[in-house]
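# A structural walkthrough
Spelled out, the chains give:
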Amino acid sequence: MLLNFIEILYFLGGFALIIGAFAKSAQIGLHVWLVDAMEGPTPVSALIHAATMVTAGVFLLLRIDVFFSSINYIDLYLFIGLTGGITSLLSGIAAIMQTDIKKLVAYSTVSQIGYMFIAIGAFFPEGALYHLTTHAFFKALLFLCSGVIIYYLGDEQDLRKMGGLFYFFQGTVYAIFIANLALMGFPFLSGFYSKDLILEGILSNNSFSYSILYFLAIFSAFLTIIYSLKLYLFVFFLEYKGSPVKLKMVSESVVYIFVLVSLSLLSLFSGFLFKEVFSIKSFYKYETEFLIHNIYKLIPIFLFFFGIILIKLRLFFIVKDDNWLFSNLILKNQKKFNKKLGEYTLFKIFWFDLYINKLTYSILIFSNKTLYKILEKGILETYGPRNFVQVFYFFSILSFFSLNEKIKYTNSIYIYFLVVFFIFYLKQYLLAFFLAVQFYSIVRIYNFSFFFNHQ
Amino acid sequence: MKLEKEKLYAFVSQQKKKKENNNKNLEHQLNMIVIFIRIFMVLFLYILVKTDEIPCLYTVKFILYSSLMNSWIYNPLFTLLIFMSEKLYFVEAIYTLAVYLKQQGGIVIIFLFLNSILFLGVEIYHNYSSQIKRKSEIKLWFLLIEVLIIFCILTTNILFFYIAFELTLLTFFYLVYILGSQSRRIHAINLLIFYTMFGSIFLLMAIVLIFYEYGTFYVSLIDQNKHVNVQLDKLIFFLLLAGFGVKIPIFPLHLWLLEAHVEAHTTTSVILAGIILKLGGIGMLKFMLSFAYAAKGSIFLSIAIAIVAMGTLLCGLAAIAQLDMKRIVAYCSVIHMNLSVLSFLLFNEDSVMASVLSMFGHGLTAGGLFFCIGMVYERYGTRNKQAFGGLVTFMPNFSLFFFLLLLTNASFPLSINFVAEMYTFLGIQQASSVLNIFLLLFISITVILSFWLIVRVIFGNRFIKNTLLGKVQDLVFYEIAILGILISFNLLFGFYVTPELVATVKTGITFVK
């Protein structure tokens, strides 16, 4: 036994819990369900895929933070932080390329939850909780506004068929504007307080290996700016690219005002109102706001303006048939790039769907071909029904008195005498004979061609 | 000529109508005969066993008073007669029965409860359904099965258990072979008979050895001091395991169950999966715990545990590719029963508790699922899961019950199966932490199986699957009653596991050390 067996056990327990949290909160390997769950209605998504269910993994890790700090075998905090950072990156890139409103917002939730995991990995779980609460408000607002737009346009979800609806939906414009600014971290809105606090908390770690988390967080913030403004741009500005029938049907209704207004108020003021509730420990514990250079506080604002400049220049959104990154480059070199690789690798983050489907398919094929056909229908039935029953037919007394099938069953007489002789004189070799008969029966019955690949 | 022909036709048609009327009267009469035979059977048993054999006496009373409930549905006047005749001994009988049951423990109570629930559902189904042929014969044979099962549950004598155990075979022979309708039932009945006979040989040998060594058949009353010969006890233990292992289908010997379920009617498969498999488990729990001390450190036990564990995995994976829904549920029953056997073979209090609870939960779920599949088969004529999709559009009430039953099959929280799985986790952790990983695999496989059916059969797009389903009648009142009863008891005990339940079960478990 190893001397640190208990430590390994603790590590394994923590590791298993972390993977459970990854599955529930849709991190990189197990994020597919969230994207495909957008088939459901938007209120459902607003509740569970923005605020409550996907944050259960984060909450688990918050409650178990004490346990993780006592693990000495391997440092799990880096693992959490890196996976969170990678998910936020890749999902942000995927969100840039999406054509569907709801999938865009789904990928944005994935990236924001990655942000929370970065916070946990940087020894700052209170910041994760803070971001969790503020994120719930503006993300739910985003989901509901997108649902409202889908409803107004008669179940039109494709971004490529919308545009120029600014003067039709004033109420939703207000709501989405506020939600986007909160998401991007506009100063003194709710997202600003939580996001910048997390950035400061990351910087409070004095080790080199944790500094990478800062870059990942910054880059993910940059990407949030881009895809949130993309949504805003494609829905409300540019020219309308859909069917004119739906434009005629468009009419904004008064029913949704209460919901949108309440959530927008919360996303505006919740950061300021609840900042002492969640972050009081951090202000006195870390004191990073006084020890950081000024530039670290101005980087988010700089990114904000940089993103707006990029969008004005339309570098990322060259709108031809499809909307993908660097579409001009790929159009020129289309023979070099395989169409799959160029267009859709990052559209769904490196084909996780496909590999999972292949895995399930392989399990099914294995279960049918080998387990069922060879094991159950083959081996177990030879030792069971097939030979056993045929033995009874073979030894049946009717064979003596059958006129038609004389040739098949006349051998049974000789076998009776053989068995008697064998039992009395050759008792010691019974077992060997029995096993030999079994092997012979299998070899005789089986077609071993399955093991050789044929087409 | 024409007039004569017309007269002939008229005469023949009149004769046909008379025959139809006669048949209806015959069925009505046969139903009454079944009720009379019930009473005569009771009296016959009472007269047969005038010894101190308590369970016979109280099977009699138990059946009477359970049959009162079941017969009230279709013959209330007759039940009043029975009740008024037994008026004087009603209270005394119940009191003595309660005392006897308390001595034995909660295992008996749980399985009698299960028995009564399932047979209530079965009798309701038999009474009101129109798709059964030869109704009176089926009712007779189910009555016999009920008596035998109660007898098995209440005995402490291993010989009587064996007798009743084997008589159930006879009933199943009739139900599967003679009342079956498909050509593959010959293969099924061959498997059933030969496998169970093969196992009962070992049981008989064990019984003989017990009597040879200890002089009694009452296994639980043997003193601890008389367990001197450890080698013999080990042999007895493994013979019993082999004997019961055919009935609880342990992995290599499970082929008969799959075939029998496919060939049988709904009610036969309900009883088979609901109680008959548990008879083996009951035998295990009653008669093997006193010999368990001898088998604790042996290699054969670890081999058995390994075979059972691998068997559940292989059965689970083989069930994913099946097309017949009855076979899928049969595989699920094999998995659940093998889990209970695995937890039993570890000899902890928690694990034995888990085996009992898993059997109880599985009885309710399997019974309900077979009823559901029977309802679908009545309406559509197929059991192929590829032929279904979007069943919720035609049968929404049914889809609710089917959904809940499949969730309980997947050991979802708020069901007994979940409680049992948590207890297995505890029990296995006390023995070895590596087996727990296998347990997680098994849970995931059962979840996959049940959710496959939920997603593809109940909720799904039938236009993509090109199904030709049509509008059918949703559930009728008696079907709702059956399924509602089964589900409600499962959820009731799953919501709140009472300490009384736990205590009653633990009193029935007595280890010899």
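This one's a predicted model, so the numbers in the text were calculated from it and none came from an experiment. (Residues numbered from 1 in each chain as written. Chains lettered and ligands numbered in written order. Predicted model: local features only at pLDDT ≥ 70, side-chain atom pairs only at ≥ 80, totals over all residues. Heavy atoms only, no water.)

## Considering the overall build of chain A
The line we're drawing: Secondary structure follows DSSP: runs of H or I at least 4 residues long count as helices, runs of E at least 2 residues long count as strands, and numbering of each begins at the N terminus. Whether a residue is buried, partly exposed or exposed follows from its accessible area with a 1.4 Å probe, protein chains only, as a fraction of its type maximum: under 20%, in between, or over 50%, in that order. Residues are treated as being in contact if the distance between any of their heavy atoms lies within 4.5 Å. Here the open area of atoms and residues is found with the Shrake-Rupley method and a 1.4 Å probe, where only the protein chains shown may cover a residue.
For chain A, the helix and strand inventory stands at 22 helices and zero strands. A burial count over chain A gives 46% of its 455 residues as buried. Counting only contacts in chain A whose residues sit at least 6 apart along the sequence, the fraction spanning at least 24 positions is 78%. For chain A, the exposed area adds up to about 25200 Å²; of that, 71% sits on carbon and sulfur atoms.

## With respect to the nonpolar core
It is characteristic of soluble globular proteins that their nonpolar side chains tend to be buried jointly. The cut-off we apply is this: As used in this record, nonpolar core signifies buried Ala, Val, Leu, Ile, Met, Phe, Trp, Tyr and Cys residues forming a set joined through side-chain atoms within 4.5 Å.
With 166 residues, the main nonpolar core has Phe-237 and Phe-244 of chain B as its most contacted residues. The element best represented in this core is helix α14 (residues 349-380) of chain B, accounting for 17 residues. Once you skip the residues sitting within four places of it in the chain, Phe-244 of chain B turns out to touch Phe-161, Phe-165, Leu-203, Gly-280, Gly-283, Met-284, Phe-287 and Met-288 of chain B. By size, the runner-up hydrophobic cluster in this structure holds 98 residues, among which are Leu-90, Leu-104, Ile-218 and Leu-231 of chain A.

## A look at the interface of chain B and chain A
Operational definition: Note: buried area is the sum, over both parts, of the accessible area (probe 1.4 Å) each one loses when the two are combined. Basic side-chain nitrogens of Lys or Arg form a salt bridge, by our definition, when they fall within 4 Å of a carboxyl oxygen of Asp or Glu. Here a polar contact is taken to be a pair of N or O atoms separated by no more than 3.5 Å, where protein atoms must pair a possible hydrogen donor with a possible acceptor and residues adjacent in sequence count only if both atoms sit in side chains.
Listed per partner, the contact involves 21 residues of chain B and 18 residues of chain A. Summed over both sides, the interface of chain B with chain A buries roughly 1500 Å², with 72% coming from carbon and sulfur. Considering only the surface of chain B that becomes buried against chain A, Phe-194, Leu-255 and Leu-317 of chain B emerge as the three largest contributors, covering 29% of it. Summed over the shared surface of chain B and chain A, the result is zero salt bridges. Between chain B and chain A we count four residue pairs in polar contact (both at pLDDT 80 or more) in total.

## Looking at the pattern of salt bridges
Residue and element names in this part refer to chain B. A complete count under the given rule lists seven salt bridges over all chains for this structure. Note that Glu-479 is salt-bridged to Arg-379, the shortest N-O span being 3.1 Å. Pair noted here: Glu-479 is in helix α19 (residues 477-495) and Arg-379 is in helix α14, with a separation of 100 residues, a long-range link. Where salt bridges share partners, they join Arg-184, Glu-259 and Arg-327 into one cluster.

## Considering the packing of aromatic side chains
The test is simple: To pair, rings of Phe, Tyr and Trp, with the six-membered ring standing in for Trp, must have centres within 6.5 Å; the planes then decide the type, stacked if under 30 degrees apart, edge-to-face if over 60, and tilted in the middle. When the NZ atom of lysine or the CZ atom of arginine is within 6 Å of a ring's centre and also within 35 degrees of its normal, the charge is said to sit over that ring.
This model, assessed by the stated rule, comprises 56 aromatic pairs over all chains. Centroid distance Phe-302 of chain A to Phe-306 of chain A: 6.3 Å. Interplanar angle 5°. Geometry classified as stacked. Of this pair, Phe-302 of chain A and Phe-306 of chain A both sit in helix α16 (residues 295-313), separated by four residues, roughly a single helical turn. Given a relative accessible area of 36%, Phe-306 of chain A falls into the partly exposed group. Taken together, the ring pairs in this structure connect Tyr-10, Phe-67, Phe-68, Tyr-77, Phe-123 and Tyr-210 of chain A into an aromatic cluster. Above the ring of Tyr-177 of chain B, the side-chain terminus of Arg-185 of chain B is found at 5.5 Å from the ring centroid.

## What about the environment of Ile-80 of chain A?
Residue and element names in this part refer to chain A. Its place among the elements puts Ile-80 in helix α6 (residues 76-96). Given the relative accessible area of 0%, Ile-80 is considered buried. Residues Ile-80 and Ala-46, spaced 34 residues apart in sequence, show a C-alpha to C-alpha distance of 25 Å. Setting aside anything within four residues of it in sequence, one finds Ile-80 in contact with Ile-18, Phe-22, Leu-61, Phe-68, Phe-117, Ile-120 and Gly-121.

## Some words on the packing of helix α9 (residues 170-184) of chain A against helix α11 (residues 212-236) of chain A
When two helices pack together, their arrangement is captured by the angle between the axes and the distance separating the axes. Residue and element names in this part refer to chain A. Our working definition: To get an axis, fit a line to the C-alpha atoms, keeping to the stretch in contact for a helix; angles then go from 0 to 180 degrees between the N-to-C directions. The cut-offs work like this: below 35 degrees is roughly parallel, past 145 is roughly antiparallel, 65 to 115 is roughly perpendicular, and the gaps in between are oblique. For any helix crossing, the convention is left-handed if the near helix is rotated counterclockwise from the far helix by under a right angle, and right-handed if that rotation is clockwise. Gly falls in the polar group here, along with every residue not listed as nonpolar (Ala, Val, Leu, Ile, Met, Phe, Trp, Tyr, Cys, Pro) or charged (Asp, Glu, Lys, Arg).
Contact pair α9 / α11: the axes reach a minimum separation of 9 Å and the direction vectors enclose 170°. Here α11 runs roughly antiparallel to α9, going by the angle between their axes. α11 is crossed by α9, and the crossing has left-handed handedness. Only Thr-224, Ile-225, Tyr-227, Ser-228, Leu-229, Tyr-232 and Phe-236 of α11 make contact with α9, whose side of the interface consists of Thr-172, Val-173, Ile-176, Phe-177, Asn-180, Leu-183 and Met-184. Residues belonging to the contact of α9 with α11 are distributed by class as follows: ten nonpolar, four polar and no charged.

## As for helix α9 (residues 230-247) of chain B
All names here are of chain B. Put simply, the test is: Expected span of a helix, by definition, is 1.5 Å for each gap between consecutive residues, and there is one gap fewer than residues.
With 18 residues, α9 extends 26 Å from end C-alpha to end C-alpha; this agrees with the ideal 26 Å at 1.5 Å per step. Along α9, 13 of the 18 residues are buried, which leaves the element largely enclosed by surrounding structure. The N-cap residue of α9 is Asn-229: its side-chain oxygen and the backbone nitrogen of Gln-231 are 3.5 Å apart.

## Overview of helix α8 (residues 125-152) of chain A
Residues and elements named next belong to chain A. What counts here: Values of bend correspond, residue by residue, to the angle between axes fitted over the seven residues ending at that residue and the seven starting there.
Given a rise of 1.5 Å per residue, 28 residues ought to cover 40 Å, and the 40 Å separating the end C-alpha atoms of α8 matches this to within 8%. Within α8, the axis deviates most sharply at His-135, by approximately 30°. Note on α8: the residue one or two positions beyond its end, Gly-154, has a positive phi of about 70°.

## Points about the confidence of the model for chain B
Residue and element names in this part refer to chain B. The following threshold applies: pLDDT gives the predictor's per-residue confidence on a scale running from 0 to 100.
A residue-level look at chain B finds 79% of positions with pLDDT of 70 or above and a mean pLDDT of 81. A low-confidence stretch, residues 47-54 (pLDDT under 50), is modelled with five contacts involving residues beyond four sequence positions or located in other chains. The low-confidence segment residues 72-76, where pLDDT is below 50, has eleven contacts with residues more than four positions distant or belonging to other chains.

## Brief notes about unusual backbone geometry
All names here are of chain B. The residue Phe-347 is not glycine, and still its phi comes out positive at about 60°. Taking relative accessible area as the criterion, Phe-347 reaches 7% and is therefore assigned buried. Not every positive phi belongs to a glycine, and Leu-414 is a case in point at roughly 70°. Within the secondary structure, Leu-414 is located in the loop between α15 (396-409) and α16 (416-431).

## Quick look at the state of the cysteines
Residue and element names in this part refer to chain B. Heads up, the condition is: Note on terminology: disulfide denotes any pair of cysteine sulfur atoms within 2.5 Å.
Considering all chains together, one arrives at zero disulfides over all chains under this definition. Here Cys-315 stays free of any disulfide, with the sulfur of Cys-332 as its closest cysteine sulfur at 10 Å. Judged by its relative accessible area of 0%, Cys-315 is buried.

## Digging into the packing of α15 of chain B against α19 of chain B
Residue and element names in this part refer to chain B. Direction vectors running N to C along α15 and α19 enclose 35°, while the axes themselves pass 11 Å from each other. Of the two possible hands of crossing, α15 and α19 adopt the one that is left-handed. Here Phe-401, Leu-404, Leu-405 and Thr-408 of α15 come into contact with α19, specifically with Ile-480, Leu-483, Gly-484, Ile-487 and Asn-490. A breakdown of the residues in the contact of α15 with α19 according to their chemical character gives six nonpolar, three polar and no charged.

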